[in-house]
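Geometric and topological summary
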Amino acid sequence: MICEDLQKLIDYALKNHLIQSADIYVIRNRLMEALNISDWECSDAICSDKSIDEILKPIIEYACEHGIISDTANSRDLFDTKLMGILTPMPREVISKFNGYYCISPENATEWYYDFSKKLNYVRAGRIEKDMKWTYDCEYGTLDITINCSKPEKDPRDIAAAGAKKTSGYPKCQLCPENAGFSGNASHPARQNLRPVPLRAGGENWQFQYSPYGYYNEHCIVFNEKHIPMVIDRSVFDKLFDIIDYLPHYFVGSNADLPIVGGSILSHEHFQGGNYEFAMAKAPIETEFEMIAYPEVKAGIVKWPMSVIRVSSANREELAECCGNILSCWRSYSDKSAGIYAETDGVPHNTITPIARKKDGIYECDLVLRNNITTEERPLGVFHPNPSLHHIKKENIGLIEVMGLAVLPARLAKEIAELKEVMLKGIDELEKYSGLSEHIQWAVKILCKYPDFSEINADDIIKHEIGAVFEEVLSDAGVFKRDEKGRASFMRFVEKVIV
């Protein structure tokens, strides 16, 4: 049976143009080697309409049962990636194919490359489908909510294996170009089926690829080939604009370059982008102002729960200079009345999350003002979700959340389902409930707010209230609050940048 399972994999690769008929014997022999098979007993004409996950499953089971790999989540992932790596064309072939489609249009190129990445199972489309997704309408637009269920939970045996393994410096991180074709280990994911595409940004060599567990359409990572740290400075805007010149149908943005308000990988310069329009991009400017030194730039404050300045212009160089000036002003800006301090004891706190896009040939850049100051009362950050929201969202508010997509932890899927069952029994039963104590106060408020809470509407109500929590999370992350005092504080900063 294992030969038939491998033939189905070969058939899948042929139908999806990963290999050609001339490759069959080499591919078969490499798969046999990976499974320690010495004889081939199978018809060469076994067709299958199953998904790649369904095709790989019995092969992985065979590997576990025959002691080829350990039966852990990490070992399974390492091995199924190894198998897909056997089917993956060489980088030169992928790049040539991408460039051929790019000659037609950038849209054709990325559409092909994204589909190709899914067929290679680098983009884990089958797992991404497991994510819970819905929307939440509020005064700022339609926010996207996602509970991340796609990434497998850590197996204690995998954690132990990673702890016992001698630390290696190769690749230096998960964004280095050396990851392409890397076999992975207990502490580093396998990447035999990764084939990044090169591009130029800021006069340097960069590459782009898709995220294995993307949160939106064509969620891509664009990274510097050099392993250098994230820095938000004037040059960032030239790089962002270079990328959207190359991929004009994409947005591209950067996490901030400071802890708490930054991304999870600050050691390697990279951006995120994709073919998706977030709520923030649709949000209107509510207060326009004139940039005196930059007459070709339109500017204003965006109607958004976080503090966002939007600037746009057909003059790319002038817009980049304008963005650099706003960044420079913000780096050194303090406003005691708003709780904003540029630095304390020599430690800087101000930075930005920049997002760039093109609209009808006009460059547009959203500059989200960030501050990572902490206090004894708020050790995770003053401009961070307040403690009453941590039962839903405690993690950093990075680029994706900033734009209006909540990425909530996988634990919530199980916790909310369990909580709903208790809520359906009523407040009295809920207040006696000892499990999931962090959610109880929130759940009681929901039951008081919705006296008609029932099996029919429970899911919709809970999802709506989770959306309301995310809206509050974004408001907490805003350095200038959306009240009269906050608006006045924001305008004091604007007065500093318009001259």
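For the structure, check the block above.
The following refers to the structure shown. On a predicted model such as this, the values are computed, not experimentally measured, just so you know. (Residues numbered from 1 in each chain as written. Predicted model: local features only at pLDDT ≥ 70, side-chain atom pairs only at ≥ 80, totals over all residues. Heavy atoms only, no water.)

1. Some thoughts on the packing of helix α5 (residues 91-104) against helix α6 (residues 106-119)
Each packed pair of helices is defined by two parameters, the angle between the axes and the distance between the axes. Rule in force here: Here an axis means a line fitted to C-alpha atoms, over the contact stretch when the element is a helix, while the angle between two N-to-C directions is reported on a 0 to 180 degree scale. For the purposes of this entry, the term helix denotes a DSSP run of H or I that reaches at least four residues, the term strand denotes a run of E that reaches at least two, and both are numbered from the N terminus. Contacts were defined at the residue level, with two residues in contact if any of their heavy atoms lie within 4.5 Å. Lys, Arg, Asp and Glu make up the charged group, whereas Ala, Val, Leu, Ile, Met, Phe, Trp, Tyr, Cys and Pro make up the nonpolar group; the residues left over, Gly among them, are polar.
It is at 5 Å that the axes of α5 and α6 come closest, and there the two elements cross at 145°. Residue-level contacts link Val94, Lys97, Phe98, Tyr101, Tyr102 and Ile104 of α5 to Pro106, Asn108, Ala109, Thr110, Trp112, Tyr113 and Phe116 of α6. Tallied by class, the residues present in the contact of α5 with α6 amount to 10 nonpolar, 2 polar and 1 charged.

2. Remarks on the state of the cysteines
In protein chemistry, a disulfide is the covalent bond that joins the sulfur atoms of two cysteines. Test applied: Here, two cysteine sulfur atoms that lie within 2.5 Å of each other are counted as a disulfide.
Overall, the coordinates contain 0 disulfides when judged by the stated rule. Here Cys42 stays free of any disulfide, with the sulfur of Cys3 as its closest cysteine sulfur at 6.2 Å. Unpaired in this structure, Cys64 has its nearest cysteine sulfur neighbour in Cys3, at a distance of 18 Å.

3. Some remarks on the side chain of Ser254
Our working rule: Each residue's exposure class comes from its accessible area (1.4 Å probe, protein chains only) as a fraction of the maximum for that residue type: buried when under 20%, exposed when over 50%, partly exposed otherwise.
Within the secondary structure, Ser254 sits in the loop between β6 (251-253) and β7 (270-274). For Ser254, a relative accessible area of 0% translates into the label buried. Here Ser254 is in contact with Met230, Ile232, His270, Phe271, Thr353, Pro354 and Leu399, once residues within four sequence places are set aside.

4. Observations regarding the environment of Val499
As for its placement among the helices and strands, Val499 is situated in the segment after α17 (484-497). When its relative accessible area of 67% is taken as the criterion, Val499 is described as exposed. For the pair Val499 and Ala256, spaced 243 residues apart in sequence, the C-alpha to C-alpha distance is 25 Å. Those residues within four positions of Val499 in sequence are excluded, and the remaining contacts are Ile292 and Ala293.

5. Here's the deal with the pattern of salt bridges
Which entries qualify depends on this criterion: Each reported salt bridge corresponds to a side-chain nitrogen of Lys or Arg within 4 Å of a carboxyl oxygen of Asp or Glu.
Under the definition given, this model contains 30 salt bridges. For Asp71, the salt bridge goes to Arg76, with nearest N and O atoms at 2.9 Å. Assessed through its relative accessible area of 22%, Arg76 is described here as partly exposed. With a shortest N-O distance of 3.7 Å, Glu455 and Lys420 are connected by a salt bridge. Highlighted residues: Glu455 in the loop between α15 (437-449) and α16 (458-477) and Lys420 in helix α13 (residues 411-423), separated in sequence by 35 residues.

6. Points about the pairing of strand β9 (residues 298-302)
Put simply, the test is: Two strands make a pair as long as DSSP finds a minimum of two bridges between them.
When you tally the buried positions in β9, you get 4 out of 5 residues, the bulk of the element. For strand β8 (residues 285-290) and β9, the ladder comprises 5 bridges, and the chain directions are antiparallel. Bridge pairing links Thr287 to Ile301 in β9. In this sheet, strand β10 (residues 308-313) lies alongside β9 in antiparallel orientation, the contact comprising 4 bridges. Looking at β10, one finds that Gly300 is bridged to Arg310. Connecting β9 to the antiparallel partner β10 that follows it, the hairpin turn spans 5 residues.

7. Topic: the nonpolar core
Our working definition: Buried Ala, Val, Leu, Ile, Met, Phe, Trp, Tyr and Cys residues form a nonpolar core when they are joined through side-chain atoms within 4.5 Å.
Ranked by internal contacts, the top residues of the largest apolar core, which has 94 residues, are Leu9, Leu35, Leu83, Phe208, Val311 and Phe493. Discounting chain neighbours no more than four positions away, the residues touching Phe208 are Phe98, Thr110, Tyr113, Pro196, Val197, Leu199, Cys220, Ile221, Val222, Phe223 and Leu247. By size, the runner-up hydrophobic cluster in this structure holds 55 residues, among which are Tyr216, Ile400, Val444 and Ile466.

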